[in-house]
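Topology and contacts: notes
Here is how the chains run, residue by residue.
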Amino acid sequence: MPELAITDREIENCFDVIAELRPHLSRNSFLTTVRNMQVDGFKLAFTQKEGEIVAVAGYRIYTNLYMGKHCYVDDLVTAQAHRSKGYGEEMVNWLRGQARQADCQYFHLDSGTHRGQAHRFYFAQGFTIASYHFSEELK
């Protein structure tokens, strides 16, 4: 069963799994970054089996004009060694439950266009493609 990463140690223990999805992250700044994001409503959740973190998700619940109150999943990853064992589905169901408990109107996420295996997983979980997401890197 997923649970929230509350303590510094719990947050730090999520790094190796989240880095599989976000390899640009630095272990040295991860805790500080997550703590700063928490100020804006970010929550980090993890699933642990036999003392090992096997899945991690970062999400936030907020309101905007387009969707009203909604749950947006920033990050969702199952450790490579533990994929296709039901941990991703368990995490999605738990996140969906968090969204329902918070009375959200929508539950959604973005997925990189190159992540075909993840897309098949999301379709199997009942997600549909609702829009294009456009971005521009500003450096």
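Residues numbered from 1 in each chain as written. Predicted model: local features only at pLDDT ≥ 70, side-chain atom pairs only at ≥ 80, totals over all residues. Heavy atoms only, no water.

What about the packing of aromatic side chains?
Applying the stated criterion to the full structure yields six aromatic pairs. Measuring from ring centre to ring centre gives 6.1 Å for Tyr 59 and Trp 94, while their planes differ by 85°; the resulting arrangement is edge-to-face. Placement of Tyr 59 in strand β3 (residues 52-64) and of Trp 94 in helix α4 (residues 87-101) is noted, with a sequence separation of 35 residues between them. In this structure Trp 94 comes out as buried when scored by relative accessible area, which is 13%. Considering the side-chain rings of Tyr 132 and Phe 134, the 6.2 Å spacing of their centres and the 45° angle between planes classify their relative orientation as tilted. The pair formed by Tyr 132 and Phe 134 is uniform in burial state, with each residue classed as exposed. Ring-pair connections join several aromatic residues into one group, and the members of that group are Phe 107, Phe 121, Tyr 122 and Phe 127. (Phe/Tyr/Trp six-rings, centres within 6.5 Å; stacked < 30°, edge-to-face > 60°. Helix = DSSP H or I, 4+ residues; strand = E, 2+ residues; numbered from the N terminus. Buried < 20%, exposed > 50% of the residue type's maximum accessible area, 1.4 Å probe, protein only.)

Looking at the sheet that holds β3
Read from one edge of the open sheet, five strands run β1-β2-β3-β4-β5, paired in mixed fashion. On the outer flanks of this sheet lie β1 (3-4) and β5 (106-109), each paired with one strand and no other. Relative to strand β2 (residues 43-49), β1 runs antiparallel, the two being bridged by two bridges. In the strand pairing of β2, Leu 4 is matched with Ala 45. (Pairing = 2+ DSSP bridges.)

Some thoughts on the nonpolar core
With 21 residues, the main nonpolar core has Tyr 59, Val 73, Leu 76, Met 91, Leu 95 and Phe 107 as its most contacted residues. Listed by contribution, the elements that provide at least two residues to this core are β3, β4 (68-78), α4, β5 and α5 (116-124). If you tally residues by element for this core, the top one is α4, at six residues. Here Phe 107 is in contact with Cys 71, Val 73, Val 92, Leu 95, Arg 96, Ala 99 and Phe 127, once residues within four sequence places are set aside. In this structure, Ile 11, Leu 44, Phe 46 and Ile 53 belong to the second largest nonpolar core, which totals 18 residues. (Core = buried A, V, L, I, M, F, W, Y, C linked by side-chain atoms within 4.5 Å. Contact = heavy atoms within 4.5 Å.)

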